[in-house]
Amino acid sequence: MKQYHRVILQMVEIRRNKLMDKKVADYAPRPLAECSDLELFNAVLNYTGEAVKERGYNTGKKKLYYISAEFLIGKLLSNNLINLGLYDTVKKELSDAGKDITELEEFESEPSLGNGGLGRLAACFIDSLATLGYPADGVGLAYHCGLFRQTFRSNKQSETPDRWLHWGQESWMHRTDKRYTVDFGGFSINSVMYEIDVTGYGSKCGRLRLFDTDTIDERVIRDQIDFDKSKIAKNLTLFLYPDDSDDAGRILRVYQEYFMCANAAQLILEEARAKGSNLHDLYDYAAVQINDTHPTMVIPELIRRLEAEGIEEEEAIEIVRKVCGYTNHTILAEALETWPESYLEEAVPQLMPVIHSLADYVEKKYDEPFVQIIDKDDRVHMANIDIHFSHSINGVAKLHTEILKNTELKPFYDIYPEKFNNKTNGITFRRWGVMCDPELTEAINGVIGDAWIKDASHLAELRKEENDPAFLKKLLAVKGDNKKNFAAYLKKNRDIEVNPDSVFDVQCKRLHEYKRQQLNLLWAISRYQEIKAGKKPARPITMFFGAKAAPAYTIAKDIIHAILCFASIVDNDPEAAPYLKVVMLENYNVSLAEKLIPAADISEQISLASKEASGTSNMKFMLNGAVTLGTMDGANVEIADLVGKDNIYTFGESSDEVIEHYKKADYVSRDYYEKDPVLKDAVDFLVSDEMIAAGDEKNLNRLYNELLNKDWFMTFPDFEDYCRTKEVMLKDYEDRDSWSRKMLVNIAQAGFFSSDRTIEQYNTDIWHLKRDEAE
Ligand code: NBG
């Protein structure tokens, strides 16, 4: 038998520093035992702030500005303490005073600055940048109410403002003295810059710089998240992705985007100059990464500002091109923003001469209509600006980049083959391993040490344990504990009861038809129908969904409604309830993910092949020992390559087949419905008497008709294979020995998906930053 000894994280990486002599108690107004939660939280905040100051920031001549509309950073207390090597010390100090650090974690509110994978990726990237020692800022907006807080009422999603920050109260976000003026058509707004320190693991720190204005007035919010969209100075940074179903909402997005870019541009030029740049050599001082199309206006804005400094337009364009890189995160047309020229004229008239110049430049060189900046309907294509006027265009997984090159962006690839490159996404192992799964971390450290936390390639050393029954058993035990912990959390905090001995089958991600939560739901319905017909499964299954639907996305909300109605039917059916449970988790966010993912057995990654650019929850699940059930889409393809076919369950049509269907327009969902009685029964159940009694006939009918008459994301063709594959998977789950080996292989092969690897690749190919000189 092997001995599993506890390795204390701090011993390895952390330089002992002066702060070690200080305590949280030194920052508290009274003895810790007598402190309120708020006093305690502030004490830890200030103690941590001191530690950050001692660490200092990564500096260097050239700095990266990672501009993004979203930074889904999650709570910071534990993450910062772990990165600073202070977690165990603080935990002990608090516990000696009778205080529980996990309660303080619950007290902390989660910053609402992002939506999904794109924003979480930005957060993982700034963690890795700090850890690796690269000078870098994240640049974005300080939304007061973020996306929205999701609640369920009458089995439907309802949205309320997420007032995550109590303005004026101490927080991780510090107000700075930096102020800029941003001009819009007919008026100007003064900005104020806030900063959040980004701690690296055993390294110096980076910064997240978020812009806001003092004129915001939350009183313009009316009912729920509805607000007066015309009062730009009062509403500019209230919400992330304000409802864009009308003109006012869409123009507001343009105002927001320009506000972000105009501030970023001023910051970049000011800092470069302060370091000695004459602006002709901006490339030696700044790299800009444009995260999706939202920050596109930084290109014309920088050009405009360089021209104002006396640089000729042609040179200004070349300078900016050398500085900027663009990351594409989706092939869905709706996410490739285009704005009517008239919006830009109204909101940012000063940019129009530049945009017209860029458009002329392209038009003179290329005939192809697809690559033009402004189309025949006078719409400005933001991605097209990015592609022509930055030096690098990357997709976020191998398959995605190939699809961009060969299909979606082919006319651009024909012009600029050298600009296209792939950077498969990654996740930070500090948050998604060490912090969220301490028991697993301890088990891993016990056999291979903790070097994997900073150099994830070490995880592969775990493969040597493949035939060690003690370690495999340990993995099962850890998973069992995590499931129990999550079940206890749900009971205590949400009054939901789940059976930790059931299979935990999880799909958590934004709600979108292409991600196909509806496919999972149809499986659940057919499982229910089997049970009702007398076929009782060997083991119960608990299906977890976590997803927010964009407020104006009707069908996505109908899918949530159907899941909630179905969940209530199962709960109230004593015949089915012992075997099946469906849980739609309210307000899924980073903090909940950190609890849910370590407890998962099955990771549902079932997007329509070709549509999921990468997926990153697939990587988080894998690192936490869940096994993937997925299509050959996004990064699933690379997971399959790494773990081998025995350690992943794949199904469904290939991306080539799917792309072919779209090309030929030959898919008819009703044909599948007529052909497959199991599918037909499941689909019909959506509008059954039981469902209508549980919900709203209008919504259920709409979903039913959508699937039957359109099913744009081809749920039906994959249904049979999905059910068959899931059945095999559930059967295999019962062989606990061989399942634990699958878990191990997944964990051991996850090293490739560290965001440290991704960042090194961006740096080598795109940014060319130098690491901060180690002391
Ligand atoms: C998302 C994709 C995911 C991908 C993340 C991060 C958007 C627009 N795109 O597949 O859907 O993992 O970006 O790259 O949120």
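For clarity, every value in this text was computed on a predicted model and none was experimentally measured.

Let us look at the sheet that holds strand 14 (residues 392-395). As summarised here, the arrangement of the nine strands in space is 5-8-9-2-1-10-11-14-15, forming an open sheet in which the pairing is mixed. Of all the strands in the sheet, just strand 5 (173-175) and strand 15 (420-422) have a single pairing partner and so form its edges. Averaged over all pairs of adjacent strands, the angle between their axes in this sheet comes to 25°, without regard to strand direction. In this sheet, strand 11 (residues 324-327) lies alongside strand 10 (residues 286-291) in parallel orientation, the contact comprising four bridges. Among the inter-strand pairings, N291 is bridged to a residue of strand 11, identified as T327. This element, helix 13 (residues 382-389), spans strand 10, strand 11 and strand 14 of the sheet and lies at about 135° to strand 11. Set on the sheet, helix 31 (residues 755-767) makes contact with strand 1 (63-67), strand 10, strand 11, strand 14 and strand 15; between it and strand 10 the angle comes to about 115°.

Here we come to the packing of helix 6 (residues 117-132) against helix 31. Across the interface, helix 6 lies against helix 31 with an axial gap of 9 Å and an inter-helix angle of 75°. If you check the angle between helix 6 and helix 31, you find them roughly perpendicular. Side by side, helix 6 and helix 31 meet where C124, F125, S128, L129 and L132 of the first sit next to S755, D756, T758, I759, E760, Y762 and W767 of the second. Classifying every residue of the contact of helix 6 with helix 31 gives seven nonpolar, three polar and two charged.

Pairing in this open sheet of six strands is parallel, and the strands run 18-17-16-19-20-21 from one edge to the other. On the outer flanks of this sheet lie strand 18 (580-585) and strand 21 (649-650), each paired with one strand and no other. Looking at chain direction, strand 17 (residues 541-546) and strand 18 are connected through six bridges and run parallel. Each residue of the ladder has a partner; that of I541, found in strand 18, is L580. The strands that helix 19 (residues 517-532) touches are strand 16 (503-508), strand 17, strand 18 and strand 19 (602-605); relative to strand 17, the one it contacts most, it runs at about 155°. Running over the sheet, helix 29 (residues 715-733) touches strand 16, strand 17, strand 19, strand 20 (627-630) and strand 21 and is turned about 165° from strand 20.

Here we come to the packing of helix 17 (residues 438-448) against helix 18 (residues 469-494). Where helix 17 contacts helix 18, the two axes come as close as 9 Å, and the packing angle between them is 165°. As judged from the angle between their axes, helix 17 and helix 18 are roughly antiparallel. For the element pair helix 17 and helix 18, the recorded crossing hand is right-handed. Mapping the contact onto sequence places E439, L440, A443 and V447 in helix 17 and F471, K474, L475, A477, V478, D481 and N482 in helix 18. Among the residues forming the contact of helix 17 with helix 18, the class breakdown is seven nonpolar, one polar and three charged.

What follows deals with empty space enclosed by the protein. Taken as a whole and assessed by the stated rule, the structure comprises eight cavities of 30 Å³ or more. The computed volume of the largest cavity comes to approximately 140 Å³. Residue assignment for the lining of the largest cavity shows that the elements contributing at least two residues are helix 3 (77-83), helix 6 and strand 8 (192-198). A per-element tally of the lining of the largest cavity places helix 6 first, with four residues. Grouping the amino acids of the lining of the largest cavity by side-chain chemistry returns seven nonpolar, five polar and four charged.

We now examine the packing of aromatic side chains. Under the criterion given, the structure shown has 29 aromatic pairs. Taking the centre distance of 5.7 Å and the plane angle of 80° together, the rings of Y66 and F125 count as edge-to-face. Of this pair, Y66 sits in strand 1 while F125 sits in helix 6, and the two are 59 residues apart along the sequence. By relative accessible area, which is 0% here, Y66 ends up buried. Both rings, one in F125 and one in Y762, keep their centres 5.4 Å apart while their planes meet at 70°; by these two values the pair is edge-to-face. Here F125, found in helix 6, pairs with Y762, found in helix 31; they are 637 residues apart in sequence, far enough to count as distant.

In terms of backbone geometry, most residues other than glycine have negative phi values and most peptide bonds are trans. Non-glycine residue N587 carries a positive phi angle of around 50°. Here N587 is to be found in the loop between strand 18 and helix 21 (590-596). Backbone geometry at H768 places phi at a positive 60°, although glycine is not the residue there. Considering the arrangement of structural elements, one finds H768 in the segment after helix 31.

It is worth spelling out the site of the ligand at this point. Residues in contact with the ligand amount to 13 residues; listed here are only the nearest, H329, N425, Y514, E612 and G615. Between the ligand and S614, the relevant distance is 3.0 Å, taken from an oxygen atom to a main-chain nitrogen or oxygen of the residue. Contact between the ligand and G615: an oxygen atom at 2.9 Å from a main-chain N or O atom of the residue. Relative to its unbound accessible surface of 370 Å², the ligand loses 92% to contact with the protein. Across the shell around the ligand, the residue classes tally to five nonpolar, six polar and two charged.

A word on the environment of V506. Looking at the element boundaries, V506 is found in strand 16. Considering only alpha carbons, one finds V506 and T628, 122 residues apart in sequence, at a separation of 10.0 Å. Leaving out residues up to four positions away in the same chain, V506 has contacts with F544, L596, A600, I602, S603, E604 and F621.

Here the focus is the pairing of strand 1. The buried fraction of strand 1 amounts to five of the five residues, a majority that puts the element mostly inside the structure. Alternating positions in strand 1 separate into two faces, K63, Y65 and I67 on one and L64 and Y66 on the other, with burial throughout. The sheet contact formed by strand 1 and strand 10 spans five bridges and is parallel. Across the sheet, I67 pairs through a bridge with I290, a residue of strand 10.

Applying the stated rule across the entire model yields 57 salt bridges. The partner of K664 in a salt bridge is E660, and the shortest N-O contact between them spans 4.0 Å. With a gap of four residues between them, K664 and E660 both fall in helix 24 (residues 655-664), about one helical turn apart. The class for E660 is partly exposed, based on a relative accessible area of 33%.

Attention now moves to the nonpolar core. F486, F544, F566 and W767 are the most contacted members of the largest nonpolar core, which has 277 residues in total. The contact partners of W767, leaving out residues within four places of it in the chain, are K62, L64, Y66, L129, A287, Q289, I759 and Y762.

Quick look at the side chain of S68 now. Inspection of the secondary structure assignment puts S68 in the loop between strand 1 and helix 3. Here S68 falls in the buried class, since its relative accessible area comes to 0%. Polar contacts involving the side chain of S68 include one to the main-chain carbonyl oxygen of E70, which spans 2.6 Å. Not counting residues up to four positions away in its chain, the partners in contact with S68 are L118, A122, V139, G140, M260, N291 and P295.

Definitions and cut-offs
- Residues numbered from 1 in each chain as written.
- Predicted model: local features only at pLDDT ≥ 70, side-chain atom pairs only at ≥ 80, totals over all residues.
- Heavy atoms only, no water.
- Pairing = 2+ DSSP bridges.
- Helix = DSSP H or I, 4+ residues; strand = E, 2+ residues; numbered from the N terminus.
- Axes fitted to C-alpha atoms, helices over the stretch in contact; angles between N-to-C directions.
- Contact = heavy atoms within 4.5 Å.
- Parallel < 35°, antiparallel > 145°, perpendicular 65-115°, else oblique.
- Nonpolar A, V, L, I, M, F, W, Y, C, P; charged D, E, K, R; others polar.
- Left-handed = near helix turned anticlockwise from the far one by under 90°.
- 1 Å grid on protein atoms, 1.4 Å probe; cavity = no way out; pocket = protein on both sides within 12 Å on 5 of 7 lines; lining within 4 Å.
- Points joined across faces, edges and corners; volume = space filled by probe spheres on them.
- Phe/Tyr/Trp six-rings, centres within 6.5 Å; stacked < 30°, edge-to-face > 60°.
- Buried < 20%, exposed > 50% of the residue type's maximum accessible area, 1.4 Å probe, protein only.
- Near = heavy atom within 4 Å.
- Polar contact = N/O pair within 3.5 Å; in protein donor to acceptor, adjacent residues only side chain to side chain.
- Areas by Shrake-Rupley, 256 points an atom, 1.4 Å probe, with all protein chains shown as cover.
- Salt bridge = Lys/Arg side-chain N within 4 Å of Asp/Glu carboxyl O.
- Core = buried A, V, L, I, M, F, W, Y, C linked by side-chain atoms within 4.5 Å.

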